[in-house]
Amino acid sequence: MKTIFSPLHAGHSGQMELVAGEIVPGFEMPSRAEYVRARVESEKLGPILPPVEHDLAAAKRVHAADYIDFLPTVWPEWEKSGRGGSALGYTWPTRGLRADVRPKTIDALLGYYSFDAGAPFVKGTWDAIKSSYDVALTAAELVKGGERSAFALCRPPGHHAGAAFMGGYCFINNAAVAAQWFRDQGAKKVSILDVDYHHGNGTQEIFYSRADVQVLNLHGDPMSEYPFFLGHADERGAGEGEGFNINYPMPPGTSWERWSASHEDACAKLQDYGPDAVVVSLGVDTFEKDPISQFKLKTEDYPKIGRRIARLGLPTLFVMEGGYAVEEIGINAVGVLTGFEEG
Ligand SMILES: NCCCNCCCCCC(O)(O)C(F)(F)F
Ligand SMILES: [Zn+2]
């Protein structure tokens, strides 16, 4: 399996995040991607290739153009306002407030275009975002070109980013961009299987009213887990999209037995749907030692996930999402990929 990776991710570093009332160093740190890259090498998964650069047209197929055009302006505007540190929003247009009027100042725009305080910008963030997007598209091109699978080693991740908002370490929804690109390249139907511990609220929002992209999400129950405000089992899609969004919320403490039962059901529904390609939002924060997550999957479980996905017999693009047990993130993520290769 080929991996696409860009060192430009490392420019997104030193960012702070607001967690439990404190400003702390971001969990989503550069070493995450470096551990995965090192593991790809040590496991001899296959060549590691740089991304091809793309314009932002494919991003604007799933994101609002004004949102995408805002992203490269963030750091220059923040610096112009005389500040350093992390560019973070702190006021959001929630219920009872207006989001139909686009404000002008950078502080307001950061809130207007985000849903939480978890998507901080630093000087190198835009270059990292753009490289992650290029990584996803380049890997998708390999699959379109006939490769059975490819690994988009994306950083920053993307599945919390909606059509017009960032959050949860995510800015451009790499998996959504890739799924739409497959559609634009002629695929009739695409499935997105999100196995990250957190619900991919952005991916759900983007495709919620559509029947041509099926979205299946396995995640911590939003009643008690981030992102809290989307991801319930009764969210099945809207209009034409009814039935093509499937959520599997699971309680804290979920281990392989319960998780794999959801995964089996999701794979069966994916098979029934019969897509031309599968995009896997590969987060490994389902791991028992993950510092911010509450599932109990073990290292030996990850190859089983890959083997099950391989049994679908479909062209498959793996897009890196979350995982914070930094030492083991490479072992577990590449475990899925080697399991897929053996499958
Ligand atoms: N108590 C910890 C607060 C957690 N707040 C943010 C969690 C973001 C999770 C991001 C992710 O893992 O879903 C992604 F795949 F996008 F990276
Ligand atoms: Zn996650």
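Just above sits the structure.
Now for a description of the structure that goes with this document. Sequence order as written defines the numbering, with residues in each chain counted from 1. Labels follow written order: the first chain is A, the first ligand is 1, and so on. For this predicted model, a pLDDT threshold of at least 70 governs which residues receive local features, and a threshold of 80 or more governs which side-chain atom pairs are given and counted, while totals over whole chains, interfaces and linings are taken from all residues. In computing side-chain values, all of the structure's heavy atoms are included and hydrogens and water are not.

To continue, consider the overall build of the chain. Secondary structure summary: the chain contains 10 helices and 10 strands in total. Here the chain has a C-alpha radius of gyration of 18 Å; the compact-globule value for 343 residues is 20 Å, and the two agree. Once the C-alpha set of the chain is aligned to its principal axes, its extents read approximately 55 × 45 × 40 Å. Restricting the contact set of the chain to residue pairs at least 6 apart, pairs at least 24 apart contribute 76%. Carbon and sulfur atoms make up 56% of the accessible area of the chain, which totals about 13,200 Å². Here a strand is any run of E in DSSP of at least two residues, a helix any run of H or I of at least four, and the numbering for each starts at the N terminus. When we talk radius of gyration, it's over C-alpha atoms, and the globule rule is simply 2.2 Å times the number of residues to the 0.38. Contacts are assigned to residue pairs that have any heavy atoms within 4.5 Å of one another. Note on areas: Shrake-Rupley, 1.4 Å probe, and residue coverage restricted to the protein chains presented here.

As a further point, take the coordination of the zinc ion (ligand 2). In this listing, donors mean N, O and S atoms no farther than 2.8 Å from the metal, or 3.2 Å for Na, K and Ca; water is missing from the atoms, so a site can look incomplete. For the zinc ion (ligand 2), every protein donor is listed as Asp196 (OD), His198 (ND1) and Asp285 (OD), and the spread of their distances is 1.9 to 2.1 Å. Mapped onto the sequence, the residues coordinating the zinc ion (ligand 2) show the spacing D-x1-H-x86-D. Remark: aspartate 285 occurs in the loop between β9 (277-282) and α9 (302-310) and histidine 198 occurs in the loop between β6 (190-194) and α7 (201-207); sequence separation between them is 87 residues. Each member of the pair, histidine 198 together with aspartate 285, is buried. Three exposure classes are used, based on accessible area relative to the maximum for each residue type with a 1.4 Å probe and protein chains only: buried under 20%, partly exposed in between, and exposed over 50%.

Turning our eyes to something else, we now look at the packing of aromatic side chains. Pairing of aromatic rings covers Phe, Tyr and Trp, the last through its six-membered ring, and needs centres within 6.5 Å; plane angles under 30 degrees mean stacked, over 60 mean edge-to-face, and all others mean tilted. A full pass over the atoms with the stated rule returns 15 aromatic pairs. Residues phenylalanine 115 and tyrosine 226 carry aromatic rings whose centres are separated by 6.1 Å and whose planes lie at 35 degrees to one another, so their mutual orientation is tilted. Of this pair, phenylalanine 115 sits in the loop between α4 (106-112) and α5 (125-144) while tyrosine 226 sits in the loop between β7 (213-220) and β8 (245-250); the two residues are 111 residues apart in sequence, bridging distant segments of the chain. Judged by relative accessible area, phenylalanine 115 falls into the partly exposed class, the value being 28%. Considering the side-chain rings of tryptophan 256 and tryptophan 259, the 5.9 Å spacing of their centres and the 25 degrees angle between planes classify their relative orientation as stacked. Separated by three residues within a single helix, tryptophan 256 and tryptophan 259 lie in helix α8 (residues 256-273), roughly one turn from each other. The exposure class of tryptophan 259 is buried, given its relative accessible area of 0%. A connected cluster of aromatic rings, assembled from ring pairs, spans Phe115, Phe165, Tyr226, Phe228 and Phe229. When the NZ atom of lysine or the CZ atom of arginine is within 6 Å of a ring's centre and also within 35 degrees of its normal, the charge is said to sit over that ring. In this structure, arginine 83 packs its charged tip against the face of tryptophan 78, placed 4.0 Å from the ring centre. Positioned above the aromatic ring of tyrosine 273, the side-chain terminus of lysine 189 is 4.8 Å from the ring centre.

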